[in-house]
Amino acid sequence: MDFWNDPDEGGKVVWNLALTKHPRVLLFCVLRNVWRKPFIKFLTPPFPCSRERRSARNRDRLLSASSPTRTAHPSWPGTKRCRPYRTHPCGKNQWKAKRLTGKVLLDFQYASHTVDPDYALTDIPEGLWEFARMLPSASEQPALEFKPLNFSLFGPVFSSKLADEPEKLDRLIEYVEWGATPEGQLFHQAGLDNVTYVNEGGTMKYKEGLDRQKVAEQHGFDWWLSQSAEFMKSDAGYLKKQEAMKEFAPNYNVTPKNAPLTEEEQETVGTTVSALEDVAYQFATKAIMGMIDIGNDETWNGYLSDLEKVGLDETRTIYEKYLK
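Residues numbered from 1 in each chain as written. Predicted model: local features only at pLDDT ≥ 70, side-chain atom pairs only at ≥ 80, totals over all residues. Heavy atoms only, no water.

What about the overall build of the protein chain?
To keep it simple, the criterion reads: A run of DSSP states H or I qualifies as a helix once it reaches four residues; a run of E qualifies as a strand once it reaches two. Both are numbered from the N-terminal end. Working definition: with a 1.4 Å probe on protein chains only, accessible area under 20% of the residue-type maximum means buried, over 50% means exposed, and in between means partly exposed. Whether two residues touch is decided by their heavy atoms; if any such pair falls within 4.5 Å, the residues are in contact. In these tables, accessible area is a Shrake-Rupley quantity obtained with a 1.4 Å probe, and a residue counts as shielded only by the protein chains included in the view.
Each helix and strand counted, the protein chain has 11 helices and six strands in total. Here the protein chain holds 324 residues, and the buried ones make up 42% of them. Restricting to contacts in the protein chain with at least 6 residues of sequence separation, those with at least 24 account for 69%. Accessible area of the protein chain: about 18500 Å², with a carbon and sulfur share of 52%.

Focus: a nonpolar patch on the surface
Counted only if it meets this: Here a patch means residues that are over 30% exposed by relative accessible area and free of salt bridges, tied together within 9 Å if like-charged and within 5 Å if nonpolar (Val, Leu, Ile, Met, Phe, Trp, Tyr). The term salt bridge refers to a side-chain nitrogen of Lys or Arg lying within 4 Å of a carboxyl oxygen of Asp or Glu.
A grouping of F158, L172 and I173 is seen on the molecular surface, where their side chains present a nonpolar patch of about 220 Å² in accessible area. Residue I173 is classed as partly exposed on the basis of its relative accessible area, which comes to 35%.

Side note on the confidence of the model for the protein chain
Quick reminder of the rule: Per residue, pLDDT measures the predictor's confidence, with a range of 0 to 100.
Taken over all residues, the pLDDT of the protein chain has a mean of 77, while the share at 70 or more is 74%. In the model of the protein chain, helix α2 (residues 51-57) stands out as the element of lowest mean pLDDT, 35, in contrast to helix α11 (residues 312-320), which has the highest, 96. Confidence drops under pLDDT 50 across residues 35-89; counting only partners more than four residues distant or on other chains, this segment forms 180 contacts.

Section: the nonpolar core
Spelled out, the test is: Residues enter a nonpolar core if they are buried and are Ala, Val, Leu, Ile, Met, Phe, Trp, Tyr or Cys, with the set joined through side-chain atoms within 4.5 Å.
In terms of nonpolar packing, the biggest core is built from 24 residues, with F3, W15, Y303, L307, L312 and Y319 touching the most fellow members. Counting residues per element, the ones that place at least two in this core are β2 (12-15), α9 (263-288), α10 (297-309) and α11. For this core, the leading source of residues is α9, giving eight residues. Formed by 11 residues, the second largest nonpolar core is a distinct cluster that contains M204, L210, F221 and F231.

Here we look at the pattern of salt bridges
Inspection of every chain in the model, using the stated rule, returns 15 salt bridges. E130 is paired through a salt bridge with K240; the nearest N and O atoms lie 3.6 Å apart. Within this pair, whereas E130 is found in the loop between β4 (104-107) and α4 (166-179), its partner K240 is found in helix α8 (residues 236-248), the two being separated by 110 residues in sequence. Using a relative accessible area of 42% as the deciding quantity, one classes E130 as partly exposed. Since its relative accessible area comes to 12%, K240 is described here as buried. Overlapping salt bridges bring together E130, R133, K240, E243 and E247 as one network.

A word on α10
Residues separated by three or four positions in an α-helix point in the same direction, a consequence of the helix having 3.6 residues per turn. Note the threshold: One less than the residue count of a helix, multiplied by 1.5 Å, gives the span that helix is expected to have. Note that the arc is defined by the directions from the helix axis to the C-beta atoms. Counted as a polar contact is a pair of N or O atoms within 3.5 Å, where, for protein atoms, one must be capable of donating a hydrogen and the other of accepting one, and residues adjacent in sequence contribute only when both atoms are in side chains.
Taking 1.5 Å of rise per residue, 13 residues should cover 18 Å, and α10 covers 18 Å from first to last C-alpha, within 8% of that figure. When α10 is considered as a whole, its buried residues turn out to be W300, Y303 and L307. For α10, the angular spread of buried residues about the axis comes to 60°, placing them on one side. When the buried face of α10 is taken as reference, the exposed residues oriented beyond 90 degrees from it are D297, E298 and K309. Capping the start of α10, N296 holds a side-chain oxygen 2.8 Å from the backbone nitrogen of E298, two or three residues further along.

Quick look at the structure:
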């Protein structure tokens, strides 16, 4: 969501790219842009994801993508919302190769990748990755981070036709409840003992020649609701992710609010936000290229004026009805 309640502004409804903190993010990008041969390289993935997916993934971040200026929805290099700031617009193989140059010291990735052989620093003797235990911030205040949802956004969907078949509906609900138990989680993820997986001295793993994708394709089993802790207890990536989640749990300090917009409001917001982003991206591009002075009050006020002309106040007013 582009509009949210900023605790730094007394809880006022704000739009990220119109905050007075935004120039500091741009300044960060400007400094990076002038480093032709940087001592430290910052590397971001070539495959950005949506805000919803990124929000869920932040729990597993190597370095959380929170803005260095305490902005909860980040204006951060490499994210979909920040097109002018992309640092390494290359394919995945090229991107992985760049990590082995010996100059990449900060990588915006996932904690589980620190123990993934596919991401090992094979070209750097004794080089090891470890996830950060803090959120980056460029001010004296801690970074802001949206608290993840306490429930899954995917799972079984029931047809409304079941309302006329209460017995069938009850059986399905019972099955879903069983699917959330340790036994049900193991069944959905791993399948059948000695058919799709084996138990070797308490360690469970797919049978030889099988993996998650093959088990799903050939036998129809794959985890839902939640991964099986019993099946994953020997998986290094899973264990590292659990460790990172515990480390990051206290960092989430902004609770997201829901704005149930009407269809008319959604249409207005969709059109206006698109226009706001066009203005913001043009401004950011000029700033990073050194075409404007982002530290100049007249330049900043002109930018805010351009945002107002395309509907910033109108859109903020819509959100203020819901984000109280």
